[in-house]
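Listed below, chain by chain, are the residues.
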Amino acid sequence: VITSRDELIHLAHLALRAGDAAIAASAFLPSSLYLLQAIGLLEESDWIHHYDLTLQLYSSAAEACFVLGKFDVLNELSREVIQNAVSLKDKIRVYFSLTSSLSSQG
């Protein structure tokens, strides 16, 4: 059992790498599993202490959920990014996933 915060963050980094590699291979279901599990390891304070990791996990997970048609999860993930991202540039990726999901839903 991993209890050290540093080890949990390291595990989240590994899951991000695996999730992004799965996205690159068009394996969106495994990607979403890796990324959502990693998000589950995070704490609210990680938006401050591990901003880049947290942003990348949420943004990649949102993208994978869009492709899988998991629009409810996409909306939740996007809401987190929009509330916590510090710049418009950091929000662009989820805005793209959100607008794409709206056009695909009709």
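Given the structure is predicted, the values throughout are model-derived calculations rather than measurements.

A. Up close: the overall build of the protein. Counting its regular elements, the protein contains six helices and zero strands. Taken from the N to the C terminus, the helices and strands of the protein come in the order α-α-α-α-α-α. On the principal axes, the C-alpha backbone points of the protein span a range of 45 × 30 × 20 Å. Considering the protein as a whole, with its 106 residues, one finds that 39% of them fall into the buried category.

B. Summary view of the packing of aromatic side chains. Under the counting rule described, the total for this entry stands at two aromatic pairs. Consider the rings of W47 and Y58, whose centres lie 5.3 Å apart with planes at 35°: the pair is tilted. Taken together, the residues span a long stretch of sequence, with W47 in helix α3 (residues 46-49) and Y58 in helix α4 (residues 51-68) at a distance of 11 residues. Each member of the pair W47 and Y58 is classed as buried. Three or more aromatic residues joined by ring pairs make a cluster, and in this case those are W47, Y51 and Y58.

C. The arrangement of the pattern of salt bridges in detail. Enumeration according to the criterion identifies three salt bridges in this entry. A salt bridge links R5 to D46; the shortest N-O distance between them is 2.3 Å. Remark: D46 occurs in helix α3 and R5 occurs in helix α1 (residues 5-24); sequence separation between them is 41 residues.

D. Structural context of the packing of helix α5 (residues 71-84) against helix α6 (residues 88-105). Taken N-terminus to C-terminus, the directions of α5 and α6 make an angle of 150°; their axes are 10 Å apart at the nearest point. Here α6 runs roughly antiparallel to α5, going by the angle between their axes. Handedness of the α5/α6 crossing: left-handed. Contact with α5, carried on its side by F71, L74, N75, S78, V81 and I82, involves D90, K91, V94, Y95, S97, L98, S101, S104 and Q105 of α6 and no other residues of that element. Partitioned by chemical class, the residues of the contact of α5 with α6 number seven nonpolar, six polar and two charged.

Thresholds, definitions, all that
- Residues numbered from 1 in each chain as written.
- Predicted model: local features only at pLDDT ≥ 70, side-chain atom pairs only at ≥ 80, totals over all residues.
- Heavy atoms only, no water.
- Helix = DSSP H or I, 4+ residues; strand = E, 2+ residues; numbered from the N terminus.
- Buried < 20%, exposed > 50% of the residue type's maximum accessible area, 1.4 Å probe, protein only.
- Phe/Tyr/Trp six-rings, centres within 6.5 Å; stacked < 30°, edge-to-face > 60°.
- Salt bridge = Lys/Arg side-chain N within 4 Å of Asp/Glu carboxyl O.
- Axes fitted to C-alpha atoms, helices over the stretch in contact; angles between N-to-C directions.
- Parallel < 35°, antiparallel > 145°, perpendicular 65-115°, else oblique.
- Left-handed = near helix turned anticlockwise from the far one by under 90°.
- Contact = heavy atoms within 4.5 Å.
- Nonpolar A, V, L, I, M, F, W, Y, C, P; charged D, E, K, R; others polar.

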